[in-house]
Amino acid sequence: MKKSSPGAHIIKKDLKKFPKIPNVTNYEEAYKNFSWEKAEKEYIDFFPDGTMNAAYNMIDRHVEKGKGKKTALLFESATGEKEKYTYEDLRRESNKFANVLESQDVEKGDRVFIFLPSIPERYIAFIGILKVGAIAGTLFSAFQEAALLDRLADSKAKILITNAVLFPRIQKIWKDLPHLEKVIVVERGSLNQPEEKNLVFYNKEMEKASEKFEIVHLSKDDFSYMLYTSGTTGKPKGVVHAHGDVLQALVTTRDVLDVHDDDIYWCTADLGWVTGVVYGALGPWALGATQVLFEGRFSPENWYKVLEENKVTVWYTAPTAIRMLMGSEVKPKDYALSSLRHLCSVGEPLNPEAIWWSLEAFGLPFHDTWWQTEQGSITIPNYPIMDIKPGSMGKPLPGIIAAIIDDKGNEIPQGEEGHLALKASTVQSLMKQIWGNEEKFKSYFVGDWPAGHSLGDAWYISGDKAYKDEDGYFWFIGRADDVIKTSGERVGPFEVESSLVECEEVVEAGVIGKPDELRGEIIKAFVVLKPGIEGTAELIEKLKLHVKKHLAGHAYPREIEFIDKLPKTRSGKIMRRVLKAKELGLPIGDTSTLEDY
Ligand code: WT7
């Protein structure tokens, strides 16, 4: 069936009503006139020899241009202490950290991973890693040994930066990580430091380190950071990004998030996920913005206080958090939030109700933005100046070509559902590699590719299904694969199944995402037990705890159901869509490949 936009409730925008003129005042004009070459000349500083470094563009150039005293980071710790870092401070600290890394023989291309809570050292380390030309890997602090081992082993990480609280998880797996030479321990927040050989202590090394550092000269295509992300099959894959990504990160922070020089900007995402890297570091700092970092946990009180006390003007957050705020007894009207000027959301579908709520609660609508880890920056957003059609993700970024295509890469008519795809060569921040897995990398593209190192005319296939309406707005329908999005975090069913199968009572498990009003989806596991084992409530708790403790705190199944047999293809692959259809009471669909069930 041909789809068109639901139409009725469009939020109209009027340039005259903006308290501050947005950085893009006419989307159609911007789309027509935009060129990445022009943007690069305007926004990116190259060294005289034609090379570059993202960290220089994030920090040092602002200091050289006289903005060294501007606040770069407003930090509040979990226990309420506040710290302020200027661009000059971040330059000095990251230079020192780059020297610490060099003293540990870190070289261009080495993998250096960061496993820390949201404290300034995490960011200083990140910038320092880019300065030496190593590849920064960031890890979510809820990861447990299994998730850590997969990532550190696959990337052959040489150095890891962590703290005393998180170190025990590394200690358990270090013997299985022959490439991990040293662990740098950040002392903040803990009196008792671990003892073990090959530990290096942050404060001690930083005290000795010089404040001067010659930033390593790189090309736009040299690797900057990598993040492991989940697909349907196999272990998480290392998505590798390059220094040149900083251009699209900056342009989108400026034009989509609409960050101005005097804004106080807060991106709530953790540096362990791509939004935290790109919009909590790369983009805002490359633009020279002032941003907030809050170490504490989410709660409506905590977050409203952060917004109020810092007088946040631009806020980038996620649908699950918005839904939790909507459902809370704690109301925004009890806080002084009039500084807020522009609100954006990412990570999962933003329900129209959330937009209606935010209009009432803050007098401002949330603007949905769509992109993925692999894409490295926003690609389909709602611009501030664009009329909002609640439920739509928006329109393509100027400079980027997006389309709905069929399996063969042909564009399909407007209004019909298909694969949401981007013309690969138009996405400046597109991943450069899947670490050590060329075949997987290639599987993302259809069409004329690869031609040497160029992306040719190929389409990058997102794995999302969508349609485009009569006005060029894109509407999200769902994933084309079995990837689960729970509270905005991407979880591969295979990882959870593997973790469950580690339990002695379990024969096998099939894992799906089950729609959930608050979390978008929750993880549900169907588990087959060994003969004679009883599926008790205690066992359910035991299995949940196992996944929480060994894989990751956020990736455990909130629901577990015991069944006798899993639906499988004749070749033995678990058919998760059959489990999902049964769970939701939907038709099972094509079962020609299903073995007797
Ligand atoms: C997947 C990518 C990009 C930063 C965080 C997520 C889903 C993302 C939206 C949106 C509907 C969305 C898609 C996508 N997704 N944004 N605005 N509306 N779905 O990055 O973890 O790589 O996940 O998140 O399914 O493919 P990620």
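The sections below set out a description of the structure shown in this document. Computed from a predicted model, the values in this text were never measured in an experiment.

Concerning the overall build of the chain
Then, number 1: Check the secondary structure of the chain and you find 17 helices and 27 strands.
Then, number 2: By principal-axis analysis of the C-alpha atoms, the chain measures approximately 70 × 65 × 60 Å.
Then, number 3: Across the 597 residues of the chain, 59% fall into the buried class.
Then, number 4: Looking at the chain alone, contacts between residues at least 24 apart form 69% of all its contacts between residues at least 6 apart.
Then, number 5: Here the chain contributes 76 positively and 89 negatively charged side chains, and the mean placements of these two sets differ by 1 Å.

Quick notes on the pairing of strand β8 (residues 223-229)
Here is the key point about a regular strand: its side chains alternate between the two faces of the sheet.
Then, number 1: When you tally the buried positions in β8, you get six out of seven residues, the bulk of the element.
Then, number 2: Direction of pairing for strand β4 (residues 135-138) relative to β8: parallel, over a ladder of two bridges. Bridging across to β8, G137 finds its partner in M226.
Then, number 3: Sheet analysis places β8 next to strand β9 (residues 237-242), joined by six bridges and oriented antiparallel. Bridging from a neighbouring strand, L227 pairs with V239 of β9.

Topic: empty space enclosed by the protein
Remark: the empty space left among the atoms is shown by a probe the size of a water molecule rolled over them.
Then, number 1: Following the criterion strictly, the structure yields two cavities of 30 Å³ or more and no others.
Then, number 2: Considered as a void within the structure, the largest cavity measures approximately 90 Å³ in volume.
Then, number 3: Along its surface, the largest cavity is lined by 13 residues, and F143, R151, R490, E495 and H554 are the ones closest to its centre.
Then, number 4: Going through the elements one at a time, α6 (145-155) and β24 (489-491) are the ones with two or more residues in the lining of the largest cavity.
Then, number 5: Per-class residue counts for the lining of the largest cavity are eight nonpolar, two polar and three charged.
Then, number 6: For the second largest cavity, the full set of lining residues is F113, T138, L139, F143, R151, M226, L227, Y228, G272 and W273.
Then, number 7: Top element by residues in the lining of the second largest cavity is β8. It accounts for three residues.

Observations regarding the site of the ligand
Then, number 1: The ligand sits among 18 residues. The nearest are T369, Q372, T373, R479 and R490.
Then, number 2: Between the ligand and D368 there is a distance of 2.8 Å, counted from a nitrogen atom to a side-chain nitrogen or oxygen.
Then, number 3: At 2.7 Å, a backbone N or O of T369 approaches a nitrogen atom of the ligand.
Then, number 4: Those elements that place two or more of their residues in the shell around the ligand are α10 (274-287), β14 (366-370) and β22 (474-479).
Then, number 5: At three residues, the largest contribution of residues to the shell around the ligand is made by β14.
Then, number 6: Classifying every residue of the shell around the ligand by side-chain character gives seven nonpolar, five polar and six charged.

Topic: the packing of helix α3 (residues 54-67) against helix α4 (residues 87-103)
Then, number 1: Packing of α3 against α4 leaves a shortest axis separation of 9 Å and a crossing angle of 135 degrees. By the angle between their directions, the pair α3 and α4 is classed as oblique. When the axes of α3 and α4 are compared, the crossing they make is left-handed. Contacts from M58, I59, D60, H62, V63, E64 and K67 of α3 reach α4 at Y87, E88, L90, R91 and N95.
Then, number 2: For the contact of α3 with α4, the per-class residue count stands at five nonpolar, two polar and five charged.

Topic: unusual backbone geometry
Then, number 1: The backbone of K156 shows a phi angle near 50 degrees, a positive value even though the residue is not glycine.
Then, number 2: Within the element layout of this structure, K156 appears in the loop between α6 and β5 (159-163).
Then, number 3: Among the residues examined, K156 registers a relative accessible area of 41% and is labelled partly exposed.

Structural notes on the sheet that holds strand β2 (residues 82-86)
The pairing of strands in a sheet comes from backbone hydrogen bonds and takes either a parallel or an antiparallel form.
Then, number 1: With mixed pairing, the eight strands of this open sheet are ordered in space as β2-β1-β11-β10-β12-β13-β14-β15. Edge strands, defined here as strands with exactly one partner in the open sheet, are β2 and β15 (380-381).
Then, number 2: Relative to β2, α4 is tilted by about 85 degrees, and along the sheet it contacts β1 (71-76) and β2.
Then, number 3: The strands touched by helix α12 (residues 319-326) are β12 (314-317), β13 (342-345) and β14; relative to β12, the strand with the most contacts, the crossing angle is about 105 degrees.

As for the packing of aromatic side chains
Then, number 1: Taken as a whole and assessed by the stated rule, the structure comprises 25 aromatic pairs.
Then, number 2: Ring centres of W315 and F366 lie 5.7 Å apart, and the angle between their planes is 55 degrees; this geometry places the pair in the tilted category. Taken together, the positions of W315 in strand β12 and F366 in strand β14 put the pair 51 residues apart, joining distant regions of the chain. Like W315, the residue F366 is buried in the burial classification.
Then, number 3: Among the aromatic side chains, those forming a connected cluster through ring pairs are W266, F298, W303, Y304, W315, Y335, W357, F362 and F366.
Then, number 4: Of note, R151 hangs over the ring of F143, and the distance from its end group to the ring centre comes to 4.2 Å.
Then, number 5: Sitting over the face of the ring of Y444, K440 holds its NZ or CZ atom 5.2 Å from the ring centroid.

Focus on the pattern of salt bridges
Then, number 1: Counted according to the given criterion, the structure contains 50 salt bridges.
Then, number 2: Taking the shortest distance from any N to any O, the salt bridge between D89 and R92 comes out at 3.3 Å. In this pair, D89 and R92 are both assigned in helix α4, three residues apart and thus about one turn of the helix distant.
Then, number 3: The class of D89 is buried, set by a relative accessible area of 18%.
Then, number 4: Beyond isolated ion pairs, a larger network of salt bridges with shared partners links K514, K524, E559, E561 and E583.

Here we look at the sheet that holds strand β25 (residues 506-516)
Then, number 1: In spatial order, the strands read β25-β26-β27; together these three strands make up an open sheet with mixed pairing. Looking at strand neighbours, the two that pair on one side only are β25 and β27 (559-562), the edges of this open sheet. With strand direction ignored, the average angle separating the axes of adjacent strands in the sheet is 25 degrees.
Then, number 2: Bridge count for strand β26 (residues 520-529) against β27 is four bridges, and the pairing is parallel. Across the sheet, the residue bridging to K524 is E559, located in β27.
Then, number 3: Contacts from helix α15 (residues 493-501) reach β25 and β26, with the element oriented near 140 degrees to β25.
Then, number 4: Along the sheet, helix α17 (residues 576-584) makes contact with β25, β26 and β27, crossing β25 at roughly 55 degrees.

Rules used in this analysis
Residues numbered from 1 in each chain as written. Predicted model: local features only at pLDDT ≥ 70, side-chain atom pairs only at ≥ 80, totals over all residues. Heavy atoms only, no water. Helix = DSSP H or I, 4+ residues; strand = E, 2+ residues; numbered from the N terminus. Buried < 20%, exposed > 50% of the residue type's maximum accessible area, 1.4 Å probe, protein only. Contact = heavy atoms within 4.5 Å. Lys, Arg positive; Asp, Glu negative; His and termini not counted. Charge placed at Lys NZ, Arg CZ, Asp CG, Glu CD. Pairing = 2+ DSSP bridges. 1 Å grid on protein atoms, 1.4 Å probe; cavity = no way out; pocket = protein on both sides within 12 Å on 5 of 7 lines; lining within 4 Å. Points joined across faces, edges and corners; volume = space filled by probe spheres on them. Nonpolar A, V, L, I, M, F, W, Y, C, P; charged D, E, K, R; others polar. Near = heavy atom within 4 Å. Polar contact = N/O pair within 3.5 Å; in protein donor to acceptor, adjacent residues only side chain to side chain. Axes fitted to C-alpha atoms, helices over the stretch in contact; angles between N-to-C directions. Parallel < 35°, antiparallel > 145°, perpendicular 65-115°, else oblique. Left-handed = near helix turned anticlockwise from the far one by under 90°. Phe/Tyr/Trp six-rings, centres within 6.5 Å; stacked < 30°, edge-to-face > 60°. Lys NZ or Arg CZ within 6 Å of the ring centre and 35° of its normal. Salt bridge = Lys/Arg side-chain N within 4 Å of Asp/Glu carboxyl O.

Any functional reading would require information beyond the geometric quantities listed.
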